[in-house]
Amino acid sequence: MTHDVAVLGGGPAGMAAATEAASHGARTVLLEESPLPGGQVYRALPPGYAGPADADRRAGDALRAALAASGADLRTGCRVWGLGGGPLVPQGAAAAPFTLSALGHDGVPFTITTRALVLCTGTHERIIPFPGWTLPGVIGLAAATILLKVQGVLPGRRIVVAGAGPLLYAVAAKVLAGGGQVAAVVDAATHGEWLRALPALAARPDLLAQGAAWRTRLLAAGVPVIHGAHVTAADGDGVLGRVRVGDRAIDADALCIGHGLVPATEATRTYRARHEHRPQDGGWVPVLDGRQRTSVPLLYAAGDGAGVRGAAAAPAAGRVAARAALDDLGLAHAGSQDAALDRARRAGAAMARMMALRPAMVEAIPPETIVCRCEGVTRAAIDAAAADGAVTINQLKHFTRCGMGPCQGRMCGEAAGALLAAAHGVPIGAVGFATGRIPLRPVPMEAILGAFDYADIPVPAAAPI
Amino acid sequence: MDQRIAAFSRPAAVTITVRGRPVVAHPGESLAAALVAAGLWRFGEGDDPARPRTAVCMMGVCQQCLLRVDGRLVQACLTPVAAGQVVTPA
Ligand SMILES: Cc1cc2nc3c(=O)[nH]c(=O)nc-3n(C[C@H](O)[C@@H](O)[C@H](O)COP(=O)(O)OP(=O)(O)OC[C@H]3O[C@@H](n4cnc5c(N)ncnc54)[C@H](O)[C@@H]3O)c2cc1C
Ligand code: FES
């Protein structure tokens, strides 16, 4: 069966997109890797777990309930690794329906065929390398939200929380609420940056109030907050023991650090949609029209994967994308207006600016510091490759193996791109991005090969001599 | 040492074996979270410059949390704990 609409990713954007499409009668399927939909912000607790109820939990439950009632075919616990169809057809052939290859929750591979595809793949975290960032005990800031909110685990006993953006204060407040100690908050943003963000945040008083509550809790606990500062090194004997901020040394057994979120554009890159480098949106993003359409017909992107705008904006963007798909398929004439979206986007944009890549931090990476931890590539190796003539990120990859390891450059790609651009004195956009390739996710070889036979390989006729 | 937050209720604890030692964990929590809760941050040794390896992203992206569970290679952050699992380095 060919679906009308497939949605990849079951975060707030994807849940809302699938709900909207299915409730207009489109044959809709949602594919999500986690055992339950929710995405990063509304990730469900493991079965049999109960935690403190909060606004996030309620918002996530509401989206899940609407989705369950919508009639969309929900495929959770499945890893989508392969993308095909659409524009990925032999040259000259007409665009085909999209195909998604996945490994099911039971380990059985399956394929989905769909006329329209809405990508809601979210983000991953950016960590700008610094000396000691590979030490055990150093984890991502967004990663810490998963430990604290979903697993109910403190990353350490005495924790430094560092980086940029609202997650800093969310994590610090959750550590305190969970009974941990916050040794310090190290915020890359200055007081002035936060003041400038206020007017846009006021568009979402609920978010502003939440932020104020987090800060009050830190103040009451006497947690030092250092503004306009960066972690300069982490050290310890085999595991983290100390965090250095300039000449200040702070004893800690965990450091939660993140410098913003990077849109997950593997799928739009694989489909060769047009992209732009927009630092204020998180980096490389697909170029969209006002209704979430990418440059590829019947391919849409919504949520933070299409440019970081935060959890509040994601569902509205998902609905707009679904309505565009319904219109384009001739299934419904759904309006595209969403008043809440504009307000949420304004607040989200102010936060995203704060989480944008900070070139000065990249510039400060010392030569011997590892940038690509999968392959052990240092800054010095990247600079040397640039001097040897690597101009694009794909060339850097071939020269140094940077970004070629198991994470496929998701952790280091941005820092590596910024270093290469700085070495050549060009904007980051000029060094390009790594070509999108499948598999999107690591999967066992058998899943990819399937019931493959050499006789199936099409052999083109030899060219006349 | 247990770094679990008391305000969560969870299924009764079980025992898994990590590098030959018993570790108390709760069924359903991620293996990565269980190791962190036990203060076991070193996920893998080896001689690569970025070793010892350790979980970074908790969401399946960084691939730094690879371990073997009953001999099978898994991402610890995406693998739920079950009683009796035998965990060895990747
Ligand atoms: C680790 C992390 C924690 C965060 N915590 C918070 C928070 O506490 N508060 C907050 O306001 N914001 C948080 N954010 C920001 C986040 O981006 C939210 O704004 C929000 O979750 C965005 O929603 P989304 O629907 O765009 O994407 P997401 O919520 O990221 O959802 C994307 C979904 O797509 C799925 N997916 C992606 N690729 C595949 C594939 N190939 N196969 C199958 N499934 C796939 C993922 O499993 C995921 O569930 C966090 C971000 C990260 C990375
Ligand atoms: S911790 Fe990053 S993949 Fe598991």
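Remember, it's a predicted structure, so these values are computed and weren't measured experimentally.

Novice: If you had to explain the overall build of chain A to someone new, which residues and values would you point to?
Specialist: Check the secondary structure of chain A and you find 14 helices and 21 strands. Relative to the globule expectation of 23 Å for 465 residues, the C-alpha radius of gyration of chain A, 23 Å, shows essentially globular dimensions. With respect to the principal axes defined by its C-alpha atoms, chain A has extents near 70 × 55 × 40 Å. Of all 465 residues assigned to chain A, the portion counted as buried reaches 56%. The long-range fraction of contacts in chain A, counting pairs at least 24 apart against all pairs at least 6 apart in sequence, stands at 65%. By element, 58% of the accessible surface of chain A is carried by carbon and sulfur atoms, the whole surface being about 18,700 Å². Treating the 41 positive side-chain charges of chain A as one cloud and the 36 negative ones as another, the clouds have centres 5 Å apart.

Novice: Any chance you could break down the sheet that holds strand β15 (residues 254–258) of chain A for me, citing the residues and the numbers?
Specialist: Residues and elements named next belong to chain A. Spatial strand order, β8-β15-β9-β10-β11: 5 strands in an open sheet with parallel pairing. In this open sheet, the two strands that pair with only one neighbour each are β8 (138–140) and β11 (225–227). This sheet shows a mean twist of 20° between the axes of neighbouring strands, independent of strand direction. Across the sheet, helix α4 (residues 167–177) is in contact with β9 (158–163), β10 (181–187), β11 and β15; its angle to β10 comes to roughly 175°.

Novice: Can you lay out the interface of chain A and chain B for me, pointing to particular residues and giving the numbers?
Specialist: The accessible area lost on association of the parts is a frequent measure of interface size. Opposite the 50 residues of chain A that make contact, chain B presents 37 residues. For the pair chain A and chain B, the number of links is 0 salt bridges. Seen at the junction of chain A and chain B, the total is 12 residue pairs in polar contact (both at pLDDT 80 or more). Those elements that place two or more of their residues in the side of chain A that touches chain B are β7 (123–125), β8 and α3 (141–151) of chain A.

Novice: So, the site of ligand 1: which residues are in play, and what are the values?
Specialist: The full set close to ligand 1 counts 30 residues, and Ala13(A), Glu32(A), Gln40(A), Lys149(A) and Asp304(A) are the nearest of them. Neighbouring residues of ligand 1 are not confined to one chain but are distributed across chains A and B. Val41(A) has a polar backbone atom sitting 3.3 Å from an oxygen atom of ligand 1. Asp304(A) places a polar side-chain atom, nitrogen or oxygen, 2.5 Å from an oxygen atom of ligand 1.

Novice: Give me the lowdown on the nonpolar core, citing residues and values where you can.
Specialist: The tendency in soluble globular proteins is for nonpolar side chains to be buried side by side. Counting 117 residues, the largest nonpolar core has Val161(A), Val185(A), Leu255(A) and Met58(B) as the members making the most contacts within it. Contacts of Val185(A), omitting those with residues within four sequence positions, involve Val161(A), Leu168(A), Tyr169(A), Ala172(A), Leu218(A), Val223(A), Pro224(A), Val225(A) and Ile226(A). Of all hydrophobic cores here, the second largest spans 33 residues; its members include Ala13(A), Ala72(A), Tyr300(A) and Ala344(A).

Novice: So what about the environment of Thr54(B)? Which residues, and what values?
Specialist: Mapped onto the fold, Thr54(B) is located in the loop between α1 (31–37) and β3 (66–69). When the C-alpha positions of Thr54(B) and Thr79(B) are compared, they lie 15 Å apart, and in sequence the two are 25 residues distant. The contact partners of Thr54(B), leaving out residues within four places of it in the chain, are Thr134(A), Leu135(A), Pro136(A), Gly137(A), Arg373(A), Trp41(B), Phe43(B) and Gln64(B). A distance of 2.8 Å separates a polar atom in the side chain of Thr54(B) from the backbone oxygen of Trp41(B).

Novice: How would you sum up the sheet that holds strand β13 (residues 242–245) of chain A? Please name residues and give values.
Specialist: What holds strands together in a sheet is hydrogen bonding between their backbones, with the strands either parallel or antiparallel. All names here are of chain A. If you trace the 3 strands from one edge of the open sheet to the other, you get β12-β13-β14, paired in antiparallel fashion. Taken across any chain shown, the strands that pair with only one partner, and hence form the sheet edges, are β12 (233–235) and β14 (248–251). With strand direction ignored, the average angle separating the axes of adjacent strands in the sheet is 25°. The sheet contact formed by β12 and β13 spans 3 bridges and is antiparallel. Following the sheet pairing, Ala233 is matched in β13 by Arg244.

Novice: Now, about the packing of aromatic side chains: what can you tell me, with residues and values included?
Specialist: Aromatic ring pairs are defined here through the distance separating the ring centres and the angle between the ring planes. Residue and element names in this part refer to chain A. Throughout the structure, instances matching the rule amount to 3 aromatic pairs over all chains. Residues Phe98 and Tyr271 carry aromatic rings whose centres are separated by 5.3 Å and whose planes lie at 85° to one another, so their mutual orientation is edge-to-face. Of the two residues, Phe98 sits in strand β5 (residues 96–103) while Tyr271 sits in the loop between α7 (266–270) and β17 (275–278), which places them 173 residues apart along the sequence. Overall, Tyr271 belongs to the buried group, its relative accessible area being 1%. Residue placement shows Arg215 over the ring face of Tyr169; its charged tip is 4.1 Å from the ring centre. For Arg373, the ring lying beneath its charged end belongs to Trp133, and the centroid distance is 4.7 Å.

Novice: Lay out helix α9 (residues 339–354) of chain A with the relevant residues and their values.
Specialist: Residues and elements named next belong to chain A. Taking 1.5 Å per residue, 16 residues should reach 22 Å; α9 reaches 24 Å between its end C-alpha atoms and fits that length. Those residues of α9 not exposed but buried are Leu341, Ala344, Ala347, Gly348, Ala349, Ala350, Met351, Ala352 and Met354. Buried positions along α9 lie against α5 (191–201), α6 (205–220) and α8 (314–328).

Novice: Requested: an account of the pairing of β13(A), with residues and values cited.
Specialist: Residue and element names in this part refer to chain A. The alternating pattern of β13 places Val243 and Val245 on a buried face and Arg242 and Arg244 on a face that is not buried. The hairpin formed by β12 and β13 contains 6 residues between the paired strands, and Gly238 there has a positive phi angle of roughly 85°. Two elements, β13 and β14, share 4 bridges in a ladder whose sense is antiparallel. Residue pairing in the sheet places Arg242 in a bridge with Asp251 of β14. The hairpin formed by β13 and β14 contains 2 residues between the paired strands, and Gly246 there has a positive phi angle of roughly 60°.

Definitions and limits used
Starting from 1, residues in each chain are numbered consecutively following that chain's sequence as written. Note on labels: chains are lettered from A, ligands numbered from 1, in written order. Where local features are concerned, this predicted model is filtered to residues with pLDDT of at least 70; where side-chain atom pairs are given and counted, the filter is 80 or more; whole-chain, interface and lining totals use all residues. Where side-chain values are given, they derive from all heavy atoms of the structure, hydrogens and water being excluded. Secondary structure follows DSSP: runs of H or I at least 4 residues long count as helices, runs of E at least 2 residues long count as strands, and numbering of each begins at the N terminus. A radius of gyration in this sense is built from C-alpha atoms; the matching globule rule multiplies 2.2 Å by the number of residues raised to 0.38. Burial status follows relative accessibility: with a 1.4 Å probe on protein chains alone, a residue under 20% of its type maximum counts as buried, one over 50% as exposed, and anything between as partly exposed. Contacts were defined at the residue level, with two residues in contact if any of their heavy atoms lie within 4.5 Å. For every accessible area listed, the method is Shrake-Rupley and the probe measures 1.4 Å; residues are considered covered only by the protein chains on display. Two residue types count as positive, namely Lys and Arg, and two as negative, namely Asp and Glu; His and chain ends fall outside the count. Note on charges: their place is set at NZ of Lys, CZ of Arg, CG of Asp or CD of Glu. Strands qualify as paired when DSSP identifies two bridges or more between them. Helix axes use the C-alpha atoms of the stretch in contact, all axes being lines fitted to C-alpha atoms, and the angles between their N-to-C directions lie in the range 0 to 180 degrees. We count a salt bridge whenever a side-chain nitrogen from Lys or Arg sits within 4 Å of a carboxyl oxygen from Asp or Glu. Polar contacts, as used here, are pairs of N or O atoms within 3.5 Å; protein pairs need one atom able to donate a hydrogen and one able to accept it. Residues neighboring in sequence count only if both atoms are side-chain atoms. Here, proximity means that at least one heavy atom of the residue falls within 4 Å of the molecule or strand. In this description, a nonpolar core means a group of buried Ala, Val, Leu, Ile, Met, Phe, Trp, Tyr and Cys residues linked to one another through side-chain atoms lying within 4.5 Å. The aromatic pairing rule takes the rings of Phe, Tyr and Trp, using the six-membered ring of Trp, and pairs them if the centres are within 6.5 Å, calling planes under 30 degrees apart stacked, those over 60 edge-to-face and the rest tilted. Ring-over charges, as used throughout, are those where CZ of Arg or NZ of Lys falls within 6 Å of the ring centre and within 35 degrees of the ring normal. To estimate how far a helix should reach, multiply one less than its number of residues by 1.5 Å.

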